[in-house]
Each structure stands twice: as C-alpha cells, then as structure tokens.
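# Fold and contact review
Single-letter residue listing:
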Amino acid sequence: MSKKSKNAKLAKYDKILNKYLKKKECVKIYRDVRDGEADLLGVISGISDTFLQISEIHEFEFTGEVIIRQDHYESIRCSKFEKTTKKILTGENKLSKDSPKVTKLDLSGWASIFQELQKQDIHVIVECEDLKDSTFSIGAVVGGDKKSVDIHNYDASGRLDKKPTTVKFKDITIVRFNDNYSTTFRKYLKEPKKSSMKSS
C-alpha cells in the first residue's frame, strides 16, 4: 500500500470515529491482548491521534471511563446490536446531551492524561495485559515522568502499599477510572503496616 493510499485509509477511519463521537453511537471495540477481558462496549467520548476515551457500558449502565491506545484495537463495530443498546439507553434516559458524564482530559500523551487525573484526584486502574506476567495497579496517581507513572497501589484488603508502583507507559494497555469499584473502595483504604522493630 502506498503512503498516499495508507493516509487516505487512516483519514477515512478517523472520519468514522469522529462520526461515532458526534452521534454518541454505542460501539463494540475488539481488542487482542495476552490476558484479561479484551472487548469493550461503550460510547466514544474523546479522540486524539494516539488515544480513544470511552464511556464503558455493562448491562445498560455506564460503568466508568476507559482509555486505550489507537493502535491497540483490532476493529470497531456499530451494528444493529449496538444501535439497539443505544435505543434502550436513550429510552431509559441514560444517554442524552449531558449523559454520560465525561472527564475532560488532554489526550496528547500518557503523561498529560495522568497529570490531569492526579490534579482531579481521580483514582485509576492501570493494566499491562501484554506482559508475560500481566500487571494490575489501582490507586491514586502520585507522580511520574516522561516515561512512567507512579500509582499508590493497594491490595484486595484495602491496605496501601508502603511505596508507589511505577508503571512504564510503553507497557500500559488500558486505563480505567470513575468506575464503581475504585470510587467506592478508595473510601475504605488502610495505611501500610508499620515495620515491627526487633528488640536487641
């Protein structure tokens, strides 16, 4: 494929994505990852050259927001099935001009995304599904640099880690936030256990 025809194809696809964004179409996004639940159902709420921001849907409810890379999905479907979902959401007053609520983010890069999430005090779930040993980090964004983000992770009991977890941008496959799990769990977090001092 020539460079010209390739650019024309990308421009056509961008036009389709922006149409879905403007019309608040429900779409099925197919992802191919090593580990985890890959496919997403939702409404595209933000687009950049690098990222898609999606309001995720589960059982006719908006369950949070998701960010994936533009180069990290196989295809996007908007068929009669997704249009039926949109019809139901609209009929239930869950999809309108003001709904779902969308977090405004600078989607130019991971660094700007996490900086804004940190500024807004939004806890995140960061997954690296394509690593040999996939990783899952959840908690507040507490720092980072041009190549990575620091997450104050906590375990399934709500116990915060003593030190932040550093996640490299190049390993991230999906980021979730404003979901019920993280917004609820954050209210019940516990401080890290103090190291016990042995007496001499």
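Scoring rules and cut-offs
Residues numbered from 1 in each chain as written. Predicted model: local features only at pLDDT ≥ 70, side-chain atom pairs only at ≥ 80, totals over all residues. Heavy atoms only, no water. Pairing = 2+ DSSP bridges. Helix = DSSP H or I, 4+ residues; strand = E, 2+ residues; numbered from the N terminus. Axes fitted to C-alpha atoms, helices over the stretch in contact; angles between N-to-C directions. Contact = heavy atoms within 4.5 Å. Buried < 20%, exposed > 50% of the residue type's maximum accessible area, 1.4 Å probe, protein only. Core = buried A, V, L, I, M, F, W, Y, C linked by side-chain atoms within 4.5 Å. Polar contact = N/O pair within 3.5 Å; in protein donor to acceptor, adjacent residues only side chain to side chain.

We now examine the sheet that holds strand 7 (residues 135-144). As a general point, the strands of a sheet are linked pairwise by backbone hydrogen bonds and lie either parallel or antiparallel. Ordered in space as 5-1-2-3-4-10-6-7-8-9, the 10 strands form an open sheet in which the pairing is antiparallel. Two strands bound the open sheet, and with one partner strand each, they are strand 5 (75-77) and strand 9 (165-168). Averaged over all adjacent pairs, the angle separating strand axes in this sheet is 40°, with direction ignored. Bridging between strand 1 (residues 26-30) and strand 2 (residues 40-47) involves 4 bridges; their strand directions are antiparallel. Bridge pairing links V27 to G42 in strand 2. In the packing of helix 2 (residues 80-91) onto the sheet, the strands contacted are strand 1, strand 2, strand 3 (51-58), strand 4 (61-69) and strand 5, and the crossing angle to strand 1 comes to about 135°.

This part takes up helix 3 (residues 110-119). By the burial criterion, the buried members of helix 3 are W110, S112, I113, F114 and L117. Looking at the buried side of helix 3, the elements it contacts are strand 3, strand 4, strand 6 (124-128), strand 7, strand 8 (148-153) and strand 10 (174-177). In the segment just after helix 3, D121 is the residue with positive phi, at about 55°.

Below, the discussion takes up the nonpolar core. Core analysis: the largest hydrophobic core is formed by 20 residues, its most contacted members being W110, F114 and I172. Those elements giving two or more residues to this core turn out to be helix 3, strand 6, strand 8 and strand 10. With residues near it in sequence (within four places) discarded, I172 still touches R69, W110, F114, V126, E127, C128, V149 and V167. Core analysis: the next-biggest nonpolar cluster, separate from the first, contains 14 residues, V27, L52, Y73 and I174 among them.

Within the secondary structure, Q70 sits in the loop between strand 4 and strand 5. Look at Q70 and you get buried, because its relative accessible area is 15%. One polar contact links Q70 to Y73, side chain to side chain, over a distance of 3.0 Å. Dropping the residues within four chain positions of it, Q70 is found in contact with L17, I47, S48, D49, T50, F51 and L52.

In terms of strand pairing, strand 7 meets strand 8 through 5 bridges, oriented antiparallel. By the bridge assignment for strand 8, G143 is matched with D150. Count of turn residues in the strand 7/strand 8 antiparallel hairpin: 3 residues. Examined bridge by bridge, strand 8 and strand 9 share 4 bridges and lie antiparallel to one another. Residue pairing in the sheet places D150 in a bridge with T166 of strand 9.

Bear in mind that shape data such as this cannot, by itself, settle questions of function.
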